[in-house]
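# Summary of structural features
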Amino acid sequence: FLILCKRLARRGGKFAMIGPLAPLAGCIVGSLLLLACAPLRERFDVSYVGTVPSGLFPVSVDRWDFHYIPRVLPTALSACLIGYMESIAIGKNLAAKHDYDIDAGQELFALGVANLVGAVFSCYPVTGSFSRSAVSNATGAKTQLAGLTTSIVMMCTLLFLTPLFYYMPNFVLAAIVISSVIPLVAYEEAIKLWRIKKQDFILWVTAFMGTLLFGVLFGIAIAVALSLIIVISESVRPQITILWRIPGTAIYRPIKQENNGTFVPNVFIARIGSSMYFANASFIKDVLMAYVADLEEVNRTEYVVLEMTPVVSVDSTAVHVLQDVVNAFRTRGVHIAFAMVGNRVEKTIRKAKLDEFIGEQWFFPTVNEAVLFCLRHQQAKREAGVDPDAKADASCPEVPLKPVRPGDEIGFSNDLHHACTAIFVNLVTDAPEVAFRIMAVLGKHLLTVRRAHIEAMDEDHAVGVAVTSAVAPVGAKHTYFVRSTRHPGK
């Protein structure tokens, strides 16, 4: 009956008041039915409210006994946790439904003040009731005036109207609460979580079933413990992403996101996906060593560049592991460079004097600068006749500032512009009218050039093969933003 009335009320118009009045009608009809039919009470044992004490709650501040604090403190903390969690849960649920925000700090302050005042009058612990909030929402309450009105009606009821509730059936009260709570069980959210991420779905089901079967406190405790286990398990196995270069650019992207890339010869580039601490430092070391070993046949590694952007902090254990990683790679003749190290990590490294062990020349502001230095260092070692397999150390031959340029290459990317495909052409030696020839080739393949940019190949953009001649040839970097004429888009 109550659910049917709610559905009729959603139509609006003359049916709008049916939803709020249905619980009241159920209470009146149920009470009159039990009052008129004695067999329902005596023979069928239909339970009802019975005597409700009348009058206002007594003042009890004069009976406070602080000697009982150690005994009641555990129960008080449990009631505080449950009450706050319940209030925030129902508050966020209703805020999401009605498109407004709640301040968690203000909610906690309000609960504290309400309980402090209630303690003066021997009240039950005050919280944002799940059932009463659901009933208020179902009856159309919008502002705090609804709560004030409810409190005034409640006070008048306690003073004058308690005899009317003597024959109120308990099943009517249960039906009102259940019909109001059902819409708050967001099973659609569980389906959405299952599609998005299975771990969040497991947390949702665990919290729901734990609360339903074992109570609010135990259910919340299980959900929080499982959440911590998931967070720790993810943090101890951070993602180590392998980067490669988009041909014709100084842009380095993950190989899983960019299928048109190239490895820099003898340089392995990786991004550490989270902060480093005692639980994941050894895992990071093992993964890096495994990656270098797996790429030995594809791209023999002489240099490792670690991009540290996601690493916002390191602890003392991670510092020791970083030192072990550097030492292990140097034993194999591999140098390590660090790029884009944050301020907090850099301070920790300096305090641990790890920068002295690694060498300050191996820290760089960008990945491209780190790769350029590695290639120049490689060229300097070869010119000095150093064995590539010899044990590496922090010292190195003087690295000349000669340009390092790629050979002729071409690459493209669909991620650099929202509407066009970017095509990059690097030429070791630029030629007259080559841009017109490139655009003619693009036109033959039904591509229109929306924008073109040509610049001389200088040291800031160069990466790849070192130029050993005294006079470097004048190269050029061509960038074309194109769209297809066969179909709209890239």
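Below or above, wherever it landed, is the structure these notes cover. Fair warning: this is a prediction, and the values are worked out from it, not measured in the lab.

## Topic: helix α1 (residues 2-9)
Among the residues of α1, those classed as buried are Leu2, Cys5, Lys6 and Ala9. On an axial view of α1, the arc spanned by its buried residues comes to 100 degrees, and they lie on one face. Opposite the buried face of α1, by more than 90 degrees, sit the exposed residues Leu4 and Arg7.

## Focus: the pattern of salt bridges
With the rule as written, the count across this model stands at seven salt bridges. Notably, a salt bridge pairs Glu307 with Arg271, separated by 2.9 Å at the nearest N-O pair. One end of the pair, Glu307, is in strand β4 (residues 303-307); the other, Arg271, is in strand β3 (residues 267-272), and 36 residues separate them in sequence. Of the residues examined, Arg271 reaches a relative accessible area of 22% and is grouped as partly exposed. Note that Arg300 is salt-bridged to Glu296, the shortest N-O span being 3.7 Å.

## Observations concerning the packing of aromatic side chains
Applying the stated rule across the entire model yields 14 aromatic pairs. Summarising the aromatic geometry, the rings of Tyr48 and Tyr166 are spaced 5.8 Å apart at their centres and angled 50 degrees between planes, so their arrangement reads as tilted. A residue pair is termed long-range when its members are at least 10 positions apart, and Tyr48 in the loop between α3 (38-42) and α4 (69-98) and Tyr166 in the loop between α7 (144-161) and α8 (170-181) qualify at 118 residues. Judged by its relative accessible area of 28%, Tyr48 is partly exposed. Relative to Phe278, the ring of Tyr277 has its centre 5.3 Å away and its plane inclined at 90 degrees; by these criteria the two rings are edge-to-face. Taking the relative accessible area as the measure of exposure, Phe278 reaches 59% and is therefore exposed. One aromatic cluster is present, formed by Tyr303, Trp362, Phe364 and Phe373 through successive ring pairs. One Lys or Arg, Lys198, reaches over the ring of Trp194 and ends 4.8 Å from the middle of that ring.

## Comments concerning the packing of α4 against helix α11 (residues 216-235)
Two elements in contact, α4 and α11, have axes whose closest approach is 10 Å; the angle formed by their N-to-C orientations is 75 degrees. Considering their axes alone, α4 and α11 lie roughly perpendicular with respect to each other. Note on element contacts: α11 touches α4 through Val216, Leu217 and Ile220, opposite Ser78, Leu81, Ile82 and Met85. Tallied by class, residues from the contact of α4 with α11 come to six nonpolar, one polar and no charged.

## Remarks on unusual backbone geometry
Of note in the backbone geometry, Asp99 takes a positive phi value of approximately 60 degrees without being a glycine. Structurally, Asp99 is set in the loop between α4 and α5 (104-119). By relative accessible area, which is 71% here, Asp99 ends up exposed. Not every positive phi belongs to a glycine, and Met340 is a case in point at roughly 60 degrees. Relative to the helices and strands, Met340 resides in the loop between β5 (335-339) and α14 (343-351). Residue classification places Met340 among the partly exposed positions, given a relative accessible area of 35%.

## Quick notes on empty space enclosed by the protein
Enumeration over the complete set of coordinates arrives at one cavity of 30 Å³ or more. Computed from the structure, the largest cavity encloses a volume of approximately 60 Å³. Of all the secondary structure elements, the ones that give two or more residues to the lining of the largest cavity are α1, α2 (18-36), α6 (130-138) and α8. Considering each element in turn, the lining of the largest cavity owes the most residues, three residues, to α2. Along the lines of polarity and charge, the residues of the lining of the largest cavity split into six nonpolar, three polar and one charged.

Thresholds, definitions, all that
- Residues numbered from 1 in each chain as written.
- Predicted model: local features only at pLDDT ≥ 70, side-chain atom pairs only at ≥ 80, totals over all residues.
- Heavy atoms only, no water.
- Buried < 20%, exposed > 50% of the residue type's maximum accessible area, 1.4 Å probe, protein only.
- Helix = DSSP H or I, 4+ residues; strand = E, 2+ residues; numbered from the N terminus.
- Arc of directions from axis to C-beta.
- Salt bridge = Lys/Arg side-chain N within 4 Å of Asp/Glu carboxyl O.
- Phe/Tyr/Trp six-rings, centres within 6.5 Å; stacked < 30°, edge-to-face > 60°.
- Lys NZ or Arg CZ within 6 Å of the ring centre and 35° of its normal.
- Axes fitted to C-alpha atoms, helices over the stretch in contact; angles between N-to-C directions.
- Parallel < 35°, antiparallel > 145°, perpendicular 65-115°, else oblique.
- Contact = heavy atoms within 4.5 Å.
- Nonpolar A, V, L, I, M, F, W, Y, C, P; charged D, E, K, R; others polar.
- 1 Å grid on protein atoms, 1.4 Å probe; cavity = no way out; pocket = protein on both sides within 12 Å on 5 of 7 lines; lining within 4 Å.
- Points joined across faces, edges and corners; volume = space filled by probe spheres on them.

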